[in-house]
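If you want the building blocks of each chain, they are given just below.
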Amino acid sequence: MSDQLTTDPSKPAQRMRAGSMTLTLGPWIVAAIALLVMPYIFTSNSALTIMNQMWITVVFALAYNMLLGQGGMLSFGHAVYMGLGGFFCMHLMNYIEDFGLAFPLPLLPLFGGLFGMGFAMIIGSFSTSGAGTRFAMISLGVGELIAACSVIIVAFFGGEEGISGDRTYGLPFFGVEFLKQIEVYYLISFWLMLSAALMYLFSRTPVGRMANAVRDNPERAQFLGYSARWVRFYSFCASGFFCGIAGGLFAISYEILTEENLNAASSGVILLVTFLGGVGFFFGPIIGAIAFTLLQTVLSLQTDLWAIYVGGLFLATVMFFPGGLAGLMMMHVPAMRLGKASGLIVPYIKTLVPGAIGILGVCALIEMTFHFRHGAKGDNEMTLFWTTFDSHTILPWLIAGVVAAVGLGVARATAPAMKEAWDEANTAGGAS
Amino acid sequence: MKNITKLGAVSALSLIVGATAAFADNIKIAFIDPLSGPFASTGTNGLHQYQFAADHMVNEKGGVLGGQNFEIVPFDNKISPKESLIQLQVAIDQGIRYIAQGNSSGVANALTEAIDKHNKRNPDSRVLFLNYAAVDPALTNDKCNFWHFRFDANADIKMDALTDVMAADESMKKVYIIGQDYSFGKAVAAAAVANLAEKRPDVEIVGNELHPIGKVKDFTPYARKIVASGADAIITGNWGADMLGLGKSVIENGYDGPIFTYYAAGSGMTAAFGDSAKDRIRLISQGGINPIATEEARATYEAFEAKYPDGNIDQSRIFNVIGMLAQAIEGAGTADDVVAVAKQLEGMEYDSMWGGKIFMRPQDHQAIQDMHVGVHTNENIDFDYDNSGYGVFTESTVTMASMDSPTTCEMKRP
Amino acid sequence: MELILVNVIDGLVTGLLLFMLSAGLTLIFSMMGVLNFAHASFYMLGAYFAYQISLALGFWVGLLIAPLIVGVMGAGVERYGLRRVHQYGHVPELIFTFGLALLIEELVQFVWGKNQMPYDIPEILNFTAFSIAGNSIPAYKIFMIFISVGIFMGLLYVLTKTRVGMIIQAALSYPRTVEALGHNVPLIFMGVFGVGTALAGVAGVIAGPVLGTFPGMAFVLGSIVFVTIVIGGLGSLWGALVASLLIGWITTFAKSYNIAMSDILNGIGIATPENLSDNMFRDLWTVTSPQIADILPYILMVLILIFRPAGLFGKRES
């Protein structure tokens, strides 16, 4: 009853499945409207800058997921394609400024994409023969090589200061010279919608679908007559193209590109971001990119220990919900289809809210330990959750400890009830 | 699905919007440097020095402009230029007009350009850039701008002073130059070669090489080459783990001459070098601490040690930054019109508590001050680093180093 | 001539240190099919634990106990973390070790701070063993060589000559069959993981004084270890040894002799361009071998992966 071989486009929940053949416009229209409206809610320049960073990461993560989620190819050095595209765009920007070329800025990411794709073609020619460890190791080696070269080849990469430029010298595009942050925001939003739409369409083309097949069973895919190697190569080049676009957007937004854009840390981050969001769904990396940018930028304003929390979050994601945040959300689709999702709300509140409070209690303990150990002598006050207190007295520790214990204890106690409710919500037509 | 994620982003972004500072009466100075990651210790130590200087020199004495206090607002840039630009934007949105940064010339380059562009495009929210430690000479030459002020001597000035001292040593005949392969290391090498050629043409430069920055795990092969070349002196601009590795390796492998460095003290390095590097390592820097120059400085250092027993005042110029900024704000009568404050700062002559005067050259906004060559030792050390008993003792001083040095800066003034 | 001998010894020390790290990693790979990104983090933990123990009980006690602690931690990670994630596939396992590496680095900074620790060579080894043409060879380096060789011998002996070793070898290749024969294969896996990480811990204990004990030490060494086992062949102990020594010698010799690219290019007949500072390829002309010494292993790895994908000693990919 719930598992049909074909999808029924009239049922909304079925359209969400990655295997759906129909193209639904709903989410795209909502997204476009949201993108247009966001600057009116968050008007400060710093919010715009952070949103720009989010959208750039989204494009990069989606391009990365073309390989990881859809192609089953794990790449460790993918930041180089974004970096190379970005550096090329930077040089283009400088040429425009030096030679007064009449070149509209909005076209710039396209060239970044082409450069990224060119490099992907070169590297892909020998790296895509195998998909597993061999591919991963080559990508690691190439990534490290190019990152190391970036400090040596100063002419192209600018050494430690990188390459910087000014985006306002291009041909004014309908009168806009991109002096203001908001203009850049709309440019990036446009490229985001365009790239995401193109990548989604790519995943629906025969090449894109064959990439899924090659991921799952390369030998069988070859029985169908497709060369696994060429399919992987095309995916790789397409991914390189969109990474280059992300690099171009980065160049426009920050007007500077440095070695940091190419190094192993950036490659590692995009892997984590994509995984956090969920590799099994198209929109997974989008969620991952937004969540991670917020974590990194906003959390780091609140605490120095943000990296511990992020690392812990990744471990928890891998161990307990490897489908990522998207997987977590989509897990509820069967219940929604059965119309029983509302039965989950109360058990969730009963378990997850105390759990969250308990985790916050643990965080408070960690923060207090850190402050106690590494804070300056005599500087006993610390501010946490909008209260200021002395970290050297026993009371805050007791409160935090009790909160943590009670929160986690209650969560533990109500967990079986939540599991029952979950089973109930996922069973069709009454108790089994 | 995207609308749900947008909703989540909306609620989370409101955190940023809401996190604006409360006090309108404080003059805020943004401190954009690494507070997490591999360089966190330098950044955190610098932040402590800033906070202490603001409290001790300004706030406890009644503030400036009749009662306004300095407030240091830290931003963690994780040594990344991209993060720095984001945090710059956050700082500007919080109404902060003074940006302090120093760790990494790469970040400084990114910031100075971003600030120049921002000030051009947004004349009503201009900011000043107080560069307290990034020593790439380009920042006050090709890349200079009116908003950037450098309070540390740049790499060329330091080399000029260092070679003055080295040239006086007649027994030195062979010099080996080694550095990190990036703009700063190359600048140090080029300045060393040029200065030595001018001051001691008889000295032979037996080695001049660059090694990959932050990647060398074992400096033994380099140490072997240095020993084999018969060098009497080593010059290096290395810092961090590279400095520690290089220093320990050459000493261990049989080199017995002096090592002239820029950054071989503090942040755990003095303790790690310890006895093995006694009387071997020399540093060129501003603001000598042993012997301490004034009673005010002694009182300041002792109060700092009381508050931060594990901290070091290894960037005493931070106190100069705060002092000069306070003096400029008082002179301009305002803290909001940064052009007026900047005009007070350039050309300012300031008496530093660490001894000597600081002169901010108007043509390139480079501070000119006394430079000291100190030696790593445990004798006559009143103020040690890392609680190790070892510290830096000033051996020689060059007064107002490079006062008349040329500059390629063509500053556009507002 | 003597300089060559000195470089051989230096390269040997570097190579053997790399071997201790890569031996554990390649064993773990052949067991689980997953690259343990947190391996270098266990190396770092070994150094930090040894430092902490040496403050109270001295260097030698640290040498004995710290690897044991690290090994137990490694076994715990396998039992409670990896085993859970194993069911989800290779990519989640990899990301788990990745996240673990991040977390360990943060925890180390949390506990010990971000500065470099003054972890020193023990006094009785702090002298020069002998000198070759003015280059002194510290006794500590000789000690490192002996420990590494001793461990290799021990490992080889246990794996090939003892009953436990044979069971381990069998379990690495055919775990189900060995399980059917009645051996506790999960326990063996846990043990191999523990021993592998303990090896990394030993490497940390003895390398800490020489290479520096600071929170970035895992990151600095991390990728070169992977390069080593890929070149040697994933899963092969001999391959790890040969590759480590090869990399140790290549990097040492490249750094010792300042071979400039301009000399090579001139040698094959390309003349140096006139205006070097404006030339587009100026960086390529001015590069010298010490600058690229540390990226030579990556070039070697990419070449091997193109022409001999299984590595020097690896088995053919199935």
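Owing to the predicted nature of the structure, the values given are computational and were not obtained by experimental measurement.

Parameters at a glance
Residues numbered from 1 in each chain as written. Chains lettered and ligands numbered in written order. Predicted model: local features only at pLDDT ≥ 70, side-chain atom pairs only at ≥ 80, totals over all residues. Helix = DSSP H or I, 4+ residues; strand = E, 2+ residues; numbered from the N terminus. Rg over C-alpha atoms; globule rule 2.2 N^0.38 Å. Buried ≥ 20, exposed ≤ 12 C-beta atoms within 10 Å, placed from the backbone. Contact = placed C-beta atoms within 7 Å. Pairing = 2+ DSSP bridges. Axes fitted to C-alpha atoms, helices over the stretch in contact; angles between N-to-C directions. Nonpolar A, V, L, I, M, F, W, Y, C, P; charged D, E, K, R; others polar. Core = buried A, V, L, I, M, F, W, Y, C linked by C-beta atoms within 7 Å. Domains from an automatic or database assignment. Parallel < 35°, antiparallel > 145°, perpendicular 65-115°, else oblique. Expected span 1.5 Å × (residues − 1). Arc of directions from axis to C-beta. pLDDT = per-residue confidence, 0-100.

Trainee: Account for the overall build of chain C, naming residues and giving values.
Mentor: Helix and strand counts for chain C stand at 14 helices and two strands. A compact globule built from 318 residues should have a C-alpha radius of gyration of about 20 Å, and chain C, at 21 Å, falls within 12% of that. For chain C, the spread of C-alpha atoms along the three principal axes comes to 75 × 50 × 40 Å. Relative to its full complement of 318 residues, chain C shows a buried share of 52%.

Trainee: Help me get a handle on the overall build of chain B, residues and values and all.
Mentor: If you tally the helices and strands in chain B, you get 12 helices and 15 strands. Taking 414 residues into account, the globule formula puts the C-alpha radius of gyration at 22 Å, and chain B, at 22 Å, falls close to it. Oriented by its inertia axes, the alpha-carbon framework of chain B measures out at about 65 × 55 × 45 Å. By the burial criterion, 60% of the 414 residues in chain B qualify as buried. Pairs at least 24 apart in sequence give 72% of the contacts found in chain B among residues at least 6 apart.

Trainee: Tell me what's going on with the sheet that holds strand β7 (residues 204-211) of chain B, and back it up with residues and numbers.
Mentor: Residues and elements named next belong to chain B. Here we have seven strands laid out as an open sheet, ordered β7-β6-β8-β9-β10-β14-β15, and mixed in their pairing. Two strands close off the open sheet at either side, each with one partner strand: β7 and β15 (391-398). Taken over all neighbouring pairs, the strand axes of this sheet differ in orientation by 25° on average, direction set aside. Note that strand β10 (residues 281-286) and strand β14 (residues 371-377) share five bridges and pair antiparallel.

Trainee: Any chance you could break down the interface of chain A and chain C for me, citing the residues and the numbers?
Mentor: Of the residues lining the interface, 33 residues belong to chain A; the matching set on chain C comes to 35 residues. Elements with a contribution of two residues or more to the side of chain A that touches chain C: α6 (133-152), α7 (154-157), α12 (264-277), α14 (306-320) and α17 (345-374) of chain A. Of all the elements, α6 of chain A adds the most residues to the side of chain A that touches chain C, at 11 residues. Along the lines of polarity and charge, the residues of the side of chain A that touches chain C split into 24 nonpolar, seven polar and two charged.

Trainee: Tell me about the nonpolar core, and please be specific about residues and values.
Mentor: Of all hydrophobic cores here, the largest spans 332 residues; its most connected members are Val 59 and Ala 246 of chain A together with Ile 99, Leu 128 and Leu 130 of chain B. For this core, the element with the most residues is helix α3 (residues 45-68) of chain A, which contributes 17 residues. In contact with Val 59 of chain A, not counting residues within four places along its chain, are Leu 192, Ser 195, Phe 242, Ile 245, Ala 246 and Leu 249 of chain A. With five residues, the next largest nonpolar core counts Ala 211, Val 214, Ala 228 and Val 231 of chain A among its residues.

Trainee: Account for the environment of Gly 43 of chain B, naming residues and giving values.
Mentor: Residues and elements named next belong to chain B. Of note, Gly 43 is situated in helix α2 (residues 40-58). Considered as a pair, Gly 43 and Pro 81 are 38 residues apart in the sequence and their alpha carbons are 15 Å apart. When sequence neighbours within four positions are dropped, the list of residues in contact with Gly 43 reads Asp 33, Pro 34, Leu 35 and Asn 103.

Trainee: Please set out the sheet that holds strand β12 (residues 357-360) of chain B residue by residue, giving values where relevant.
Mentor: Residue and element names in this part refer to chain B. Read across the sheet, three strands follow the order β11-β12-β13 without closing on themselves; strand pairing throughout is antiparallel. Only two strands of the sheet have a single partner each, and these edge strands are β11 (349-351) and β13 (367-368). As paired strands, β12 and β13 are joined by two bridges and run antiparallel to one another. Along β13, the bridge assignment pairs Phe 359 with Ile 368. Packed onto the sheet, helix α11 (residues 317-332) meets β11 and β12 and runs at close to 125° relative to β11.

Trainee: For unusual backbone geometry, give the residues involved together with the corresponding values.
Mentor: Residue and element names in this part refer to chain B. Geometrically, the link from Asn 290 to Pro 291 is a cis peptide bond, its omega value of -5° lying close to zero. In the Ramachandran plot, Ile 79 falls in the positive-phi region, its phi being about 55° despite a non-glycine side chain. Since 22 C-beta atoms lie within 10 Å of it, Ile 79 is described here as buried.

Trainee: Before we move on, can you summarise the domain arrangement of chain B with the specific residues and values?
Mentor: Residues and elements named next belong to chain B. Taken domain by domain, chain B comprises domain 1 (20-134 + 317-353) and domain 2 (156-291 + 370-398). Using only C-alpha atoms to locate each centre, domain 1 and domain 2 end up separated by 30 Å. If you look at the interface, domain 1 gives five residues, while domain 2 gives six residues. Tallied by class, residues from the side of domain 1 that touches domain 2 come to no nonpolar, four polar and one charged.

Trainee: Just give me the short version of the packing of helix α5 (residues 139-161) of chain C against helix α6 (residues 163-173) of chain C, but keep the residues and values in it.
Mentor: All names here are of chain C. Between α5 and α6, the shortest axis-to-axis distance is 5 Å and the interhelical angle comes to 80°. Here α5 is positioned roughly perpendicular relative to α6, judged by the angle of their axes. On the side of α5, the interface is formed by Val 158, Leu 159, Thr 160 and Lys 161, while α6 contributes Val 164, Gly 165, Ile 168 and Gln 169. Looking at the contact of α5 with α6 residue by residue, the class counts come to four nonpolar, three polar and one charged.

Trainee: I'd like a rundown of helix α10 (residues 295-307) of chain B, residues and numbers included.
Mentor: Residues and elements named next belong to chain B. Here α10 spans 19 Å end to end across 13 residues, near enough to the 18 Å set by a 1.5 Å rise per residue. Turning to α10, its buried residues number three or more, namely Ala 297, Thr 300, Tyr 301 and Phe 304. For α10, the angular spread of buried residues about the axis comes to 95°, placing them on one side. Seen from the open side of α10, the exposed residues pointing more than 90 degrees away from its buried face are Glu 295, Glu 302 and Ala 306. Considering only its buried residues, α10 is in contact with α2.

Trainee: Kindly report on the confidence of the model for chain B, identifying the contributing residues and their values.
Mentor: Close reading of the predicted structure is inappropriate where its pLDDT is low. All names here are of chain B. Looking at chain B, the pLDDT average stands at 86 and 94% of residues meet or exceed 70. The secondary structure element of chain B with the lowest average pLDDT is helix α1 (residues 2-18), at 44, and the one with the highest is strand β3 (residues 98-101), at 95. For the stretch residues 1-23, pLDDT sits under 50, and the model shows 36 contacts to residues farther than four places along the chain or on other chains.

Trainee: Tell me about the confidence of the model for chain C, and please be specific about residues and values.
Mentor: Residue and element names in this part refer to chain C. Overall, the predicted model of chain C reaches an average pLDDT of 84, with 96% of residues at or above 70. At the level of individual helices and strands, chain C shows its lowest average pLDDT in helix α12 (residues 282-286), which scores 73, and its highest in helix α2 (residues 39-57), which scores 92. With a pTM of 0.85, the predicted complex shows an ipTM of 0.84.

Trainee: So what's going on with α2 of chain C? Which residues, and what values?
Mentor: With 19 residues, α2 of chain C extends 26 Å from end C-alpha to end C-alpha; this agrees with the ideal 27 Å at 1.5 Å per step. Within α2 of chain C, 15 of the 19 residues are buried, leaving the element largely enclosed by the surrounding structure.

Trainee: Please set out the environment of Phe 190 of chain A residue by residue, giving values where relevant.
Mentor: All names here are of chain A. Considering the arrangement of structural elements, one finds Phe 190 in helix α8 (residues 181-204). Residue classification places Phe 190 among the partly exposed residues on the basis of 14 C-beta atoms within 10 Å. For the pair Phe 190 and Ala 211, spaced 21 residues apart in the sequence, the C-alpha separation amounts to 27 Å.

Trainee: Residue-level account of the environment of Glu 160 of chain A, with values.
Mentor: Position of Glu 160 of chain A among the secondary structure elements: in the loop between α7 and β1 (163-164). A C-alpha to C-alpha distance of 31 Å links Glu 160 of chain A and Leu 68 of chain A, two positions 92 residues apart in sequence. Sequence-distant contacts of Glu 160 of chain A, defined by excluding residues within four places in its chain, comprise Val 151 and Glu 259 of chain A together with Ser 105, Gly 106, Tyr 182 and Ser 183 of chain B.

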